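Structural overview for review
Listed below are the residues making up each chain.
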Protein chains: 2
Amino acid sequence: MRLLLKGGTVINVFTGEMSVEDVLVEDSRIIGVGKYDAQDGDTVRDVTGKYICPGFIDGHIHIESTMLTPMEFARVSVPHGTTAVVADPHEIANVCGNTGIGYMLEASRDIPLTVYLMLPSCVPATQFDESGARLTAKDLEPFYSDPRVLGLGEMMNYPGVLAGDPEVRKKIESAVAHGKIVNGHAPLLSGNALDAYVAAGIRDDHECSSAKEAKERIRKGQRVMIRQGTAARNLEALLPLFEEPWAHRCLLVTDDKHPADLLQRGHIDDIIRQAARAGKDPVIGIRMATFWAAECFGLKDLGAVAPGYQADLLVLDDLESVSVCDVYRRGIRVVENGQMLPCKAPVIRRDFKKAIRNSFYMEKLSPKDFLIGAQGVKKSRVIRLVPHELLTDEWITEIDYNSQNGVDTGRDILKIAVVERHLNTGHKGIGLISGTGLKSGAIASSVSHDSHNLIIIGTNEEDMAFAGNCIRDLGGGSIVVQDGKVIEQMPLPLAGLMTDVPAAEIAAQNERVRESVHTLGVPEELEPFMTMAFVSLPVIPHIKITTKGLVDVDHQKLVPLLIEE
Amino acid sequence: MRLLLKGGTVINVFTGEMSVEDVLVEDSRIIGVGKYDAQDGDTVRDVTGKYICPGFIDGHIHIESTMLTPMEFARVSVPHGTTAVVADPHEIANVCGNTGIGYMLEASRDIPLTVYLMLPSCVPATQFDESGARLTAKDLEPFYSDPRVLGLGEMMNYPGVLAGDPEVRKKIESAVAHGKIVNGHAPLLSGNALDAYVAAGIRDDHECSSAKEAKERIRKGQRVMIRQGTAARNLEALLPLFEEPWAHRCLLVTDDKHPADLLQRGHIDDIIRQAARAGKDPVIGIRMATFWAAECFGLKDLGAVAPGYQADLLVLDDLESVSVCDVYRRGIRVVENGQMLPCKAPVIRRDFKKAIRNSFYMEKLSPKDFLIGAQGVKKSRVIRLVPHELLTDEWITEIDYNSQNGVDTGRDILKIAVVERHLNTGHKGIGLISGTGLKSGAIASSVSHDSHNLIIIGTNEEDMAFAGNCIRDLGGGSIVVQDGKVIEQMPLPLAGLMTDVPAAEIAAQNERVRESVHTLGVPEELEPFMTMAFVSLPVIPHIKITTKGLVDVDHQKLVPLLIEE
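Residues numbered from 1 in each chain as written. Chains lettered and ligands numbered in written order. Predicted model: local features only at pLDDT ≥ 70, side-chain atom pairs only at ≥ 80, totals over all residues. Heavy atoms only, no water.

Another point: the nonpolar core. Residue and element names in this part refer to chain A. Tyr 103, Met 155 and Ile 226 are the most contacted members of the largest nonpolar core, which has 169 residues in total. With 6 residues, strand β20 (residues 413-419) is the largest single contributor of residues to this core. Contacts of Met 155, omitting those with residues within four sequence positions, involve Ser 121, Cys 122, Val 161, Val 168, Ile 172, Val 182, Asn 183, Gly 184, His 185, Tyr 197 and Ile 202. (Core = buried A, V, L, I, M, F, W, Y, C linked by side-chain atoms within 4.5 Å. Buried < 20%, exposed > 50% of the residue type's maximum accessible area, 1.4 Å probe, protein only. Helix = DSSP H or I, 4+ residues; strand = E, 2+ residues; numbered from the N terminus. Contact = heavy atoms within 4.5 Å.)

Printed below as a string of structure tokens:
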């Protein structure tokens, strides 16, 4: 079957030129870009006045963060011109281990989006994390034979790389031995330490937050992934990279992207659009999002409108606004006039499905599980949130445990608990937290980086237990409760991270849950769920909480809640 | 072992910048580029005031054309900064088949130059060629497991590619299936035919002879190898490519390079130097010769002075003149102050050695073997040489076979013979040739593209037989004879193509042989050996000769010497 797109202006990713060309496609491949006659195609489409460019590639995303299945994610992202993503199933692997990786591979086969995987390099993320799995180099090895597995995902354990940790080394060597690549993740590393990290074979990074940092990476041979997601937004700082000699060593990524953000703003198209609004050539943005991304991953047949390349093509109405009209994937039109055409959902192995839907292994909670065993007034460590930041401060203050077991809504001191939910160990960490503004009830979620245990913040033990049990019964999700009643909830029954409802519905649920906290006294400017999701990640300074208790991040050690004098 | 090069100006191939940096090497790898202390290195060398760049890569060369063994070739090219070549053993494979490829792999292992191979795609080159071997996709297959084999060599059979010839397709598919690349060779192909050729998976070409042609290739996704060899010299025409957006899609290659040329002018360094003299930035030349070449072949650890890259490093005294002071290969100094340091010759398997040294299988020749069976005056086809061109014209003229069996030195009409020498078939093609200027004696050679049969041009049958038998006894080479005496000769006992004498010696022998033809009446401005080497290649218009007789190249068919009326 031959498809001929006649008369469009083709973006040449090799030279940056634009010219009017006919594009001839046979089955899934482009076979000609030049002058062709109408009779060369079985189907001929006139695209005069429109632009043709390759499909966009997101070089680094955790699909789980969209809360969508790969299929639902495709339905939202493909109309924005995304035809391929490189996904790191780090979140689901922390819950379900290799079964999670296997599920993501299955759930993304035969969907109208090419999903490549990078294998999660750090499961668990830290020594303080109790994940659902512990993945060694040996566990990851079998996945490398899958051609959709491109390498080892973001190597966050840079101290391990620098120290020559044998297991870290094994993971990197195994990826390289299979001809695969290793993604970096080493914020602010520079100088000789960066040399050592790069020399280990890590040729990219997506954590750059300044042009200076990014330029040092490029000079040292790394490619820079310009990240513009829902939470971490580095585009503005990295706009200077949209010029040579930097641009051709950059690609565009979202890392974490929430469903409402995807629906409202778009995906990779939105990054190009934002850069264009800031005065940067959209052709540079398109080249970053296509050929230069493909180069980064060694994808030889992706990212160009040229003979021999896979026919992942976009027809754009306009360049500056990156308005996607039609999307062809492997030569088949999957989006017409901005609308996704019908497509079948993938068939997923029953055992995978079952494992993913049954990711909660924990006993029912009771209010006494949340009691702190202390009497009288005690000097204690409180996690103090910093507005609009993921980092936290340690606040040492006097707590009266005889009054509400330490909770003091007047001083905005509440209880926080992280409950192990993968292996039914009964482990839990209980602490105190300030800065959410919650005046009554409790909130809970199974999305808590990176081990995704059950996390609960509450003003009383009864509501904490109730919220936790509701999430347990839902098999995951986020919830707001008050006086034993559910105010709003968002079920995430797939590994406690994702759902199979459509994007618009989960975005609405998510919005309702987030909004409902304000009825419990949280000021309008605060968003406690996002904070809660990262307060269990003991790599972001200064004090965090896991199932093992409070962690002093700066000194990488557990610290007690009560300060003995 | 750690080596520290302190204070040099490093050429950054990623950005084109230059900056003063210390380069730290551990064993064979670069582990740091920045500021390092003297105590970081076990050996410290001050290179202040000098330049540091990656070793040069020749992206396409037939080592056999240098007449040198890989080891001798290394001795000449490495002091010019070449640390890697991508060689297509097309010539030796036409003589010795897979044994020839195996020999080249063995003879280039453990030498101070990295020799990668592309497998010869067209052995024999045409249907009219009687080669020593016939290599199918299946024959080539086993070589792909060798990490030094990067793909399938120049696919000259572009009509076969365009027609979808099943064997051609199999060869390409097999290379691609092994994750390897396919080199192109399709001079002047353009438009839709070029689309079809590129779509077959052929992503480079070294036959571009104009900037216009090259730009079309780059726009269509091919990389352009800028060829500047001994015979074919495309640099001047392709100088416009030394600017973006073209430069990063180009590399530098020599294709065929003769020993005297190597000794006198240099290798890849000379191409950069010539471009610099023509006003082009030597940093662009260096990037073409290093990182962009490595990119072409997917060599991830080659071509940059950056952490994790192989320590193939050059210390240059000067940039514009590309004067190579020291060469490090895999962290070991192999050239000091422009002089090659001692190195051991590789050990070669005895059976390979024996096969390569015994490549002549043919009976002794006698003068009557060269008689044309014709009487009286007959209208005949004469190959007429075009001065300084490889193409030939067909000259139809009356020949009196009763006088010297057709030879007429007055009209410069001599005899030419191509004698099968691989399989002792006794096949030979006899024809007439005009344009060499030879007045007496004969010349002969075993270097005759692409099947390298024995080729002889002579003024009489006795000298032709004598010259042929001499070459047979030498096991290959070139010779000039007169009246049963050797005037000059150059033995090429390895496959009839190469020798293991040093480069200076073979260059001198070659010069003496070439010069001596003038004592037989050849005008100073003519060089019949070069012409003779290509007059048996039935892909260059218009009339050529093989062991099967005269070939009408334009119509790709055999034609008789005598024209029947």
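Read on, since the account is not over.
Time to look at the sheet that holds strand β6 (residues 56-61) of chain B. Residue and element names in this part refer to chain B. On the basis of which strands lie adjacent, the open sheet formed by 5 strands has the order β6-β7-β8-β9-β10 and parallel pairing. Each edge of the open sheet carries a strand with a single partner, namely β6 and β10 (181-184). Across the sheet, the axes of successive neighbouring strands diverge by a mean angle of 30 degrees, strand direction being ignored. Where β6 lies against strand β7 (residues 82-87), 4 bridges are found, and the strand directions are parallel. Looking across to β7, one finds that Ile 57 is bridged to Ala 84. (Pairing = 2+ DSSP bridges. Axes fitted to C-alpha atoms, helices over the stretch in contact; angles between N-to-C directions.)

With that settled, consider the pattern of salt bridges. Counted according to the given criterion, the structure contains 61 salt bridges over all chains. In this structure, Asp 301 of chain B engages Arg 203 of chain A in a salt bridge whose closest nitrogen and oxygen atoms are separated by 3.0 Å. A residue pair is termed interchain when its members come from two chains, as with Asp 301 of chain B in the loop between α13 (291-296) and β14 (313-318) and Arg 203 of chain A in the loop between α7 (191-199) and β11 (204-205). You can call Asp 301 of chain B partly exposed: its relative accessible area is 28%. Where Asp 270 of chain A meets Arg 265 of chain A, a salt bridge forms, and the shortest distance between an N and an O atom there is 3.4 Å. One continuous salt-bridge network, built from bridges that share partners, spans Arg 265, Asp 269, Asp 270 and Arg 273 of chain A. (Salt bridge = Lys/Arg side-chain N within 4 Å of Asp/Glu carboxyl O.)

Before going further, it helps to spend a moment on the interface of chain B and chain A. At the junction of the two partners, chain B supplies 38 residues and chain A supplies 38 residues. Taken over both partners, the interface formed by chain B and chain A buries close to 2,600 Å², and the fraction arising from carbon and sulfur atoms is 44%. Joining chain B to chain A, the criterion identifies 4 salt bridges. Counting across the interface, chain B meets chain A through 20 residue pairs in polar contact (both at pLDDT 80 or more). Contributing elements (two or more residues each) for the side of chain B that touches chain A: β3 (29-34), α7 (191-199), α8 (211-219) and α13 of chain B. Among the residues making up the side of chain B that touches chain A, the classes are represented as 16 nonpolar, 9 polar and 13 charged. (Buried area = accessible area lost by both parts, 1.4 Å probe. Polar contact = N/O pair within 3.5 Å; in protein donor to acceptor, adjacent residues only side chain to side chain. Nonpolar A, V, L, I, M, F, W, Y, C, P; charged D, E, K, R; others polar.)

What follows covers helix α6 (residues 166-177) of chain A. Residues and elements named next belong to chain A. In this model α6 runs 16 Å from its N-terminal to its C-terminal C-alpha over 12 residues, within 8% of the 16 Å that 1.5 Å per residue would give. Residues of α6 that are buried: Val 168, Lys 171, Ile 172, Ser 174 and Ala 175. Buried positions in α6, seen along its axis, are confined to an arc of 160 degrees and lie on one side of it. Relative to its buried face, α6 has exposed residues pointing more than 90 degrees away, namely Pro 166 and Ala 177. Buried-residue contacts for α6 involve α4 (137-140), β9 (149-155), α5 (158-163) and β10 (181-184). The opening residue of α6 is Asp 165, an N-cap whose side-chain oxygen sits 2.9 Å from the backbone nitrogen of Glu 167. In the stretch just after α6, Gly 179 is the one whose phi turns positive, near 75 degrees. (Expected span 1.5 Å × (residues − 1). Arc of directions from axis to C-beta.)

On to the environment of Val 25 of chain B. All names here are of chain B. With respect to the helices and strands, Val 25 occurs in strand β2 (residues 18-26). Remark: the alpha-carbon pair of Val 25 and Ile 52, spanning 27 residues in sequence, is separated by 13 Å. Apart from the residues lying within four places of it in its own chain, the contact partners of Val 25 are Met 1, Arg 2, Leu 3, Ile 30, Ile 31, Ala 311, Leu 313 and Gly 331.

Relating the two copies of this chain is a rotation about some axis coupled with a shift parallel to it. With an RMSD of 0.2 Å, chain B superimposes on chain A once it is rotated by 179 degrees and translated 0.0 Å along the axis. What we have between these two chains is a two-fold relation. Across chain B, the rotation axis passes nearest the C-alpha of Gly 298 of chain B, at a separation of 4.1 Å. Looking at the interface residues of chain B, 100% of them are also at the interface in chain A, so both copies use one shared face. (Least-squares fit on C-alpha atoms with pLDDT ≥ 70 in both.)

Moving on to the sheet that holds strand β18 (residues 377-385) of chain A. Within a sheet, adjacent strands bond to each other through the backbone by hydrogen bonds, running parallel or antiparallel. All names here are of chain A. Spatial strand order, β19-β18-β21-β20-β23-β22-β24-β25: 8 strands in an open sheet with mixed pairing. Lying at the two open borders of the sheet, with one neighbouring strand each, are β19 (392-400) and β25 (485-491). Here the average twist between neighbouring strands, direction ignored, is 25 degrees. As paired elements, β20 and strand β23 (residues 454-458) share 5 bridges and run antiparallel to each other. Looking at the pairing, Ile 416 lines up with Ile 457 of β23. Sheet strands in contact with helix α15 (residues 461-474) are β20, β22 (442-445), β23, β24 (477-482) and β25, and its direction is about 150 degrees off that of β24. Against the sheet, helix α16 (residues 503-516) makes contact with β24 and β25, and its axis sits at roughly 145 degrees relative to β25, the strand it touches most.

All names here are of chain A. Applying the stated criterion across every chain yields a total of 4 aromatic pairs over all chains. Relative to Phe 291, the ring of Phe 14 has its centre 4.9 Å away and its plane inclined at 75 degrees; by these criteria the two rings are edge-to-face. Linking Phe 14 in the loop between β1 (2-11) and β2 (18-26) with Phe 291 in helix α13 (residues 291-296), this pair joins segments that are 277 residues apart in sequence. Phe 291 matches Phe 14 in its accessibility class, with the two residues each being buried. Joined through ring pairs, the aromatic side chains of Phe 14, Phe 291 and Tyr 309 make up one cluster. The ring of Phe 352 has Arg 349 lying over it, and the distance from NZ or CZ to the ring centre is 4.1 Å. (Phe/Tyr/Trp six-rings, centres within 6.5 Å; stacked < 30°, edge-to-face > 60°. Lys NZ or Arg CZ within 6 Å of the ring centre and 35° of its normal.)

That is the geometry; function is a separate question.
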